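Given next are the chains, with one letter for each unit.
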Amino acid sequence: MRAVDERLLLRRTFDSVVEIYDQARPRYPSALYDALLSRTGLQRDDRVLEVGGGTGIATQQLRERGLNVTCVELGEELASFSQARFAADPSVEVIHANFETWAPARTFDAVVSASAWHWVDPEVRYQRAWRALRPGGRLCFWGAVPTFAGDGDPLFDELQEIHETIGRRRLGLPPQTPRPNPGTLFDRLEEIEHSGLFADAVALRFDWRIAYAADEYIDLLTTFSMHTALDPDKRSTLYAAIRDRISQRTVPQVERNWAAVLHIARRIN
C-alpha cells in the first residue's frame, strides 16, 4: 500500500473509537498552552481555527483561556461528539469538513492543530493554513508522542516481543530501531521554512509521564490507528498478552512517557 493511501485510510479510523479516544488520550501539559499564548500573543476573544479538533481535548483548553474556536473535523462521529460537548458554548463552532478542501468565510488569528497536523496532506497543509490566517497570524501545531527515557518502564521491551510474535513488527519497534528519547524528538522546522509561507518558526519540547492500569493502557492502544486497523483476531491476541504481562507485575500498571513538540510560526504577509 502506498504511503498516501495508508494515510487516507488510517486517519479515518479514529471515528470508530470516539468515546474511548476521549477518555484514553493523554491531556497536554498546561505549560504547552501557556507557551502557545505567550509566544503568539493571542488574547482573549481572538479567533482560532483548530484543524482536526477530534473530541475537543485541546478545544476545551483553548476555550478556558478565553479564545473563540472554530473546529474543522474530518470524522463524522468525532464532529458529532464535539458538537454535543460544546453545544452550550457559542464561542465554539464545530464543522464537519475536510480542512484540505474547506473554504473558511473569514480569516483567523491562529491556526492550531493538536495531534492531527501529520494527517493533513503535506502537499497542501501549509497553503491551506496560510489562506485561513490573517496577515501576521500564527500557525501552531503539536502532537503527543510516546518516548523512552533512560529510567523508563522496562515493560516495553517485553511488549515489543509480543508485537513481533503476531507478525506486525511496525506496531512495535524493530530491534535496531532507535527509540525516541525526551528532548530529541523530530521537528518540522525545515518543512515549515521550505513552504516559503511562514517565518520565525520555533519548536518547543514538553515531557510528561502517565501511569496506566492494564485496561486503561489497552484503551489507549485502541486509539492508535495502527492498532484499530489490525485484524480483530490479532488485536485480541495482542491485547490479551499485554494485559497478562501487566497483571503479573507487583504493581499492575505501566508507565508511559510522553513528549510533544509545539511548533509556532508567523504567516508571511
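Quantities reported herein were computed from a predicted structural model and do not represent experimental measurements.

Asks: Before we move on, could you go through the overall build of the protein and cite the residues and values that matter?
Replies: Each helix and strand in the protein was counted, giving 11 helices and eight strands. Here the protein holds 269 residues, and 49% of them are scored as buried. A sequence separation of at least 24 residues applies to 77% of the contacts in the protein between residues at least 6 apart. Of the roughly 13100 Å² that the protein leaves accessible, carbon and sulfur atoms contribute 48%.

Asks: Could you give an account of the side chain of Asp 153, naming the residues involved and the relevant values?
Replies: Relative to the helices and strands, Asp 153 is located in the loop between strand E6 (144-147) and helix H7 (155-165). A relative accessible area of 14% means that Asp 153 is categorised as buried. A polar contact is formed between the side chain of Asp 153 and the side chain of Arg 249, at a distance of 2.8 Å. Within the local environment of Asp 153, its side chain forms a polar contact with the backbone nitrogen of Glu 255, the two atoms lying 3.0 Å apart.

Asks: Report on the nonpolar core, specifying residues and quantitative values.
Replies: Tyr 28, Trp 142, Tyr 217, Ile 242 and Leu 262 are the most contacted members of the largest nonpolar core, which has 49 residues in total. Aside from chain neighbours lying at most four places away, what touches Tyr 217 is Phe 156, Leu 159, Tyr 212, Ile 242, Ile 246, Val 254 and Arg 256. Residues Leu 49, Phe 99, Trp 117 and Phe 141 belong to the second largest nonpolar core, which totals 21 residues.

Asks: Got a sec to walk through helix H3 (residues 30-40)? Specific residues and values, please.
Replies: Buried residues of H3: Leu 32, Tyr 33, Ala 35, Leu 36 and Thr 40, and no others. For H3, the angular spread of buried residues about the axis comes to 160°, placing them on one side. Packing partners of the buried residues in H3 comprise helix H4 (57-64), strand E5 (133-142), strand E7 (198-213) and strand E8 (253-267). Backbone geometry just downstream of H3 places Gly 41 in the positive-phi region, at approximately 75°.

What counts, and at which threshold
Residues numbered from 1 in each chain as written. Predicted model: local features only at pLDDT ≥ 70, side-chain atom pairs only at ≥ 80, totals over all residues. Heavy atoms only, no water. Helix = DSSP H or I, 4+ residues; strand = E, 2+ residues; numbered from the N terminus. Buried < 20%, exposed > 50% of the residue type's maximum accessible area, 1.4 Å probe, protein only. Contact = heavy atoms within 4.5 Å. Areas by Shrake-Rupley, 256 points an atom, 1.4 Å probe, with all protein chains shown as cover. Polar contact = N/O pair within 3.5 Å; in protein donor to acceptor, adjacent residues only side chain to side chain. Core = buried A, V, L, I, M, F, W, Y, C linked by side-chain atoms within 4.5 Å. Arc of directions from axis to C-beta.

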